[in-house]
Structures are given as structure tokens and as C-alpha cells.
Amino acid sequence: MILTKKIVKSVITWLIASLFIIVIILMPRDVTYDTTEAGVFQDAHYVYSFEKHMQSFKDFFTFIKENKSLGNYNSYYTIEDILVESIPKSFMIVLLALLLGFIFGLFKGMIDYRLSISSRWTIFGKGSTWFFLSIPDFFIVISLQLGLMFLYDIGLFPYVDVFGSDKVDNFIMAIIYLMIYPLFYISKVVSTCFEAEERKDYIRTARSKGISYNKILYLHVLWNCWITILTNLSTISLYMLSNLFIIEKFMGYKGAGYYFFSAVTPGAMVYVGGGRDLGLANMAIAFTLIFTLFILIVHIISHISIYILDKKRMGETA
Amino acid sequence: MRNIPLVVGCIFFFFLLLFAMVGPSLPFIDSELKEEIMRKDESGIHIPPYPPGKVNWLGSDNKGRDLLSLLVIGTKETLLVVFCAGALRYLLAIPLGAGAVFSKVLLRILNGWNYLLSFIPPIFLVALFLGIPFIYFSKHLFFWFLIIIAIVEVGRVAEMIRSQIVHLSGNQFIEAAITSGTTSKGLLMRHYFPHLRPQLIQNFVSDLARVLFLMAQLAVVQIFISRDFISQLGGGYLANNTSIAYPGFLQTIMRDMWTHSWIPYSTVLFISFMIITFYLLSEGIKIWYKKKYRFLS
């Protein structure tokens, strides 16, 4: 019951969130310009009209109904082509980065905890995690890129393509960049959780029974930390999506984030007489639904796994 | 145990304050931010950006202004903007969080907002809001920028405050204060606030780092706190950053990264330095309060 309630709540919020974004995307954006007699840009005005807003909603649905398509991206590709091409590209890097970040983060967290027992080494464990979580990740990205180019220049490292989206290099680099945050976030969660558990009675009991230190750590404590780790899953994936936009733009990696931002920000150019319409509003809406759907799925997965873990634990104590 | 984060954080912050206060009069700083559109020497004519060297320690920007001077002088504006956005966020969050303890309606709004935002990446929401023509062309873009950045994460802060207050309410000293007839104002000022203060200060400082990080991300996607429109070939007008806060120098990062990497690199170095400073201070404040309120040690 609790599980269904949670899932229903997530789905409803997903719908509201998507609608909220679509309302902003479909907002009418015709602007009147003030110009000098020679047509030089002076200022721009904007008046919101509710009727127009409604009209753009209607237009959106009639367009899809009549054309059975989202429209053309350019004269060669339809928006569907772009979606089909870009989404798997981004999905793969997000999924792999999440998975690898998760695994490495788990190890790093356990190492951090082990190191934190002696205060001399804690700076390498928890200290490094803190550092990498605090430092903005684009700093690491830029440093890595410049570092790779420098190493190639002096001939210590093979050539790595750091810009583009068609080579294996790009794929791997994108995964590494995206992995930074989940890795350190999870290691922080794990080591904090271990510290919270270390004084509990069940550990003392297990110790007094003579169970080895490692076994307690990896079997008992880790098992109890899973729920905490999984509750953080949706925060992590949300942050990764944020990062995906920046990293794809930065790398020229033509995935979903790249196209989405090109559709949703009208660009830095203003033309007198031109509207500020999002030229590809339909594409923006399609991507919005897909991104938020991804987060919804993560929410549901974390709800279900927490539910199962909880039930298992209840079953053990009962 | 010594409080290393606080000490290091304070030293770093001292440097930032020094830059902000007396930056323009420091000896190695060009306070006028002269634009040099051309430079001549034995090897020929050079156009900006000039690479790092004896004249420009960190190189120059695309207009030929000394990058180190720009960044040092820009410190004041960066600190100011970040502080304003942070302060606005807390000014909104404190009444919202405290109100949500007593009012069911506010609690609903707060929970709804937080849950909604757990589906939308913040940078995405900010980009959408700032793209609305009414805001995009507004003469008060700067204020809109601050308001939107403040509002986007106001829920997280308000929730933190709310849960702290709820947690405190269960304590006996609160009950004692109520039974002894303390007024609600006195209760808030003398009993709740002193306990909230450590957490508030610590979170406020780390929020400053988050604001700066968000601003830097926005700059990469061409969204700035203040800009003018510059006429371009072909009849268009390019929105051009006019602020000298750090994130603004990331405007041309996509081009500079491959050709004049010193511009984005120095900028990102300064941004990272400031972010690390805020996090160190926040961590240091946490440890300081922890030690202050510990009776056994």
C-alpha cells in the first residue's frame, strides 16, 4: 500500500513538473522592438497575453495530430531522427557513469572509512572526497582536458580526442566527467553511514561473538547502509542531468543534453523584428518529457528497492 | 584538535576580501582595465588575447585587458552578487520554513515545491525562466537573476529550517519556556534562534558556494547577470556580458578552450578558489560550534 501510494505520488508530481515546464516553453514570445529611424536596436517590450498562451497550446496539439510528427529539425532531419540518435547516446553515458560511479564510490567510501580510523591518513580518504565534492567539477574537466593535451604535446600519452561525439574517446571521456560527482557523493554517503552505524549494539554483539572485522563491515554494516544509499539515488541522478547539459555542451557531445539546450535557450542573438520564439519548442517539449521520465523511473526504482530492503529487514527482526 | 578548515578558510577569505577592498590599488594590478587592441614588437604585430607572460601574468582577455587585474577587480562584484543572492534566499526561506511549522498551507506549498524540484534540474529551470522575453529584455535583469536564483533553491533551505524547528520543539527547555509564560517572540528569539544559528550560518556560507557554481554553469550556456546587445554583421545583436564578476569570463569558453586556454583556466581557477573558500569556512564553522557546545572534551 505504502509503495503504491509513493509511486502514484511520484507519477503525479512528474505530470505536474512536466506540465509546469511545458507551460513555460509554450509561453508566447513575440516581442515589439524600439528602433531608431535607421532601424538600430534600442529596446524591446513584451506583453503577456493569456489567449495567445492558450492558442500556442492548441497549436501544439493540432500540429501533432495533423502531422503525426513533431516537425522538422532542419531540412534533412525530422525531430524524431534527432531524438532517436541523441537519446541512446546520452542514456548510455549517464547509465554507465551512474553504475561505475556507484561501484567506485562504494569502494572509495569503504576505504575512506578504514582510513579515517587513523587520523593521519584520514586526509587522503575523507579529505580527498571532501575536496572533490567541493571543487566545481568543470574545474576537474578543464584540468583533465588541458592535461591530456599537454601530455600528448610532450609525447607521454597517446592522442585522446576530447571534442566531439563520434569516437570511443569521446564516449569514455564523457563517462569519466559524468562519473566524478556520483563517485564522491556515494563515497561520502557510505563513509558517513558507516560512522553512524559503528556504535550500534548489533556490531558489539557480532564482535563479541568473534566475527571478523571485515565480515562485520562488508556484510552487516554495508547491508544496513543500502537504504541510505538508495534514498540518495534520485538526488544524484538529478545532479547528473544538470551536469549532462554542461558537459555535452562543453565537449560538443551531440547527445540529448546538447540538443535540449539548443532548443530551450533562444541563443545570444537578437534580431530586430524577429520573435524570441523557441524555434524548436516541440523538440524542447519532447526532451523535457524524456528527461523527467528518466528521473521518474529512478524515483520508482529507488522506492521499490527501499521497500524490498525494508520488508526484508522487518522480516528478519520479526 | 585544531580547526584547520577554519584557519585555512579564513586565510583564503582574507585574500578575497583584500582583493575586493584594495584590489585596484595593488601594485601589479592595472586599475583602469586598459583595452589594448594591438601590440607591436620585434616579431611583428600581435592582437589580443595575449598569452601569459611578463606583461600579463595570466594573459589577457579578448579585448586585451589584463586577466589578472580583471579577476582581482572582479572579486568585489562576484562576492557582492553571490552574497545578495544568498541573503535573498535566506530572507525568503526563514519565514517560509518557520511558517511551515505552524501553517498547513505553507507546509503543503513547501513540500510541493521541493518535490517538484526533485524532478527538474535547477540549472534547467533557471535557464527557462531567464529565457522568458519579459525577463530577458527587462531593465532589471540583475534583480530578476538574483530573485530566480534565490527562489529555485529556497525550498531546500526552508525545509532545513523547518525540520530543525520541529526537532527543537520536542525539547524540554521549550516546554519549560512555554509553561513559564514566555511570549512567542521571546520563545523565537531566546530559545529557538540560538540553536538555529550555528546551522544557519554554516549553511548560508556553503550556499554561497552553490550560488557561484550555478552562476558559472549558467555562464557556460550564455546566461549572464548583466549584458548589453552588440550589433553584429548580418543585422543581429549579440547579448554580451557586461559584468566583471568571475563567471562572465566564461562567455567565450567554447572558443577559448582550444585556442586561448588561459582565459577559461584562470577564470575557473578563481571560481574554484572562491568556492573552496566558502566550503572550508562552512566546514570550519561547523567544527567551531561543535567544539563550543561540547562540555566533555
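What counts as what
- Residues numbered from 1 in each chain as written.
- Chains lettered and ligands numbered in written order.
- Predicted model: local features only at pLDDT ≥ 70, side-chain atom pairs only at ≥ 80, totals over all residues.
- Heavy atoms only, no water.
- Helix = DSSP H or I, 4+ residues; strand = E, 2+ residues; numbered from the N terminus.
- Rg over C-alpha atoms; globule rule 2.2 N^0.38 Å.
- Buried < 20%, exposed > 50% of the residue type's maximum accessible area, 1.4 Å probe, protein only.
- Contact = heavy atoms within 4.5 Å.
- Areas by Shrake-Rupley, 256 points an atom, 1.4 Å probe, with all protein chains shown as cover.
- Salt bridge = Lys/Arg side-chain N within 4 Å of Asp/Glu carboxyl O.
- Polar contact = N/O pair within 3.5 Å; in protein donor to acceptor, adjacent residues only side chain to side chain.

Engineer: Just to check I follow, could you spell out the overall build of chain A for this structure?
Structural biologist: A tally of helices and strands in chain A yields eleven helices and three strands. Its C-alpha atoms give chain A a radius of gyration of 25 Å, more than 25% over the compact-globule value 20 Å for 318 residues. Seen through its principal axes, chain A has C-alpha atoms that stretch 85 × 60 × 35 Å. Counting only residues that meet the buried cut, chain A has 47% of its 318 residues in that class. Here the contacts in chain A between residues at least 6 apart in sequence split such that 71% fall between residues at least 24 apart. A total accessible area of about 16,700 Å² is found for chain A, and carbon and sulfur atoms account for 67% of it.

Engineer: How should I be thinking about the environment of Leu130(B) in this particular structure?
Structural biologist: Residue and element names in this part refer to chain B. Among the structural elements, Leu130 can be located in helix α4 (residues 122-131). When its relative accessible area of 4% is taken as the criterion, Leu130 is described as buried. For the pair Leu130 and Ile148, spaced 18 residues apart in the sequence, the C-alpha separation amounts to 8.1 Å. Sequence-distant contacts of Leu130, that is, excluding residues within four places in its chain, are made with Ile135, Tyr136, Leu141, Phe145, Ile148 and Ile223.

Engineer: Help me out: how do you make sense of the interface of chain B and chain A in this one?
Structural biologist: How big an interface is tends to be stated in terms of accessible area lost as the parts join. Listed by partner, the interface residues are 51 residues for chain B and 62 residues for chain A. The interface formed by chain B and chain A holds zero salt bridges in total. Where chain B touches chain A, the interface holds three residue pairs in polar contact (both at pLDDT 80 or more). Secondary-structure elements contributing two or more residues to the side of chain B that touches chain A are α3 (104-117), α4, α5 (133-136), α9 (184-220), β4 (236-241), α10 (253-259) and α11 (262-292) of chain B.

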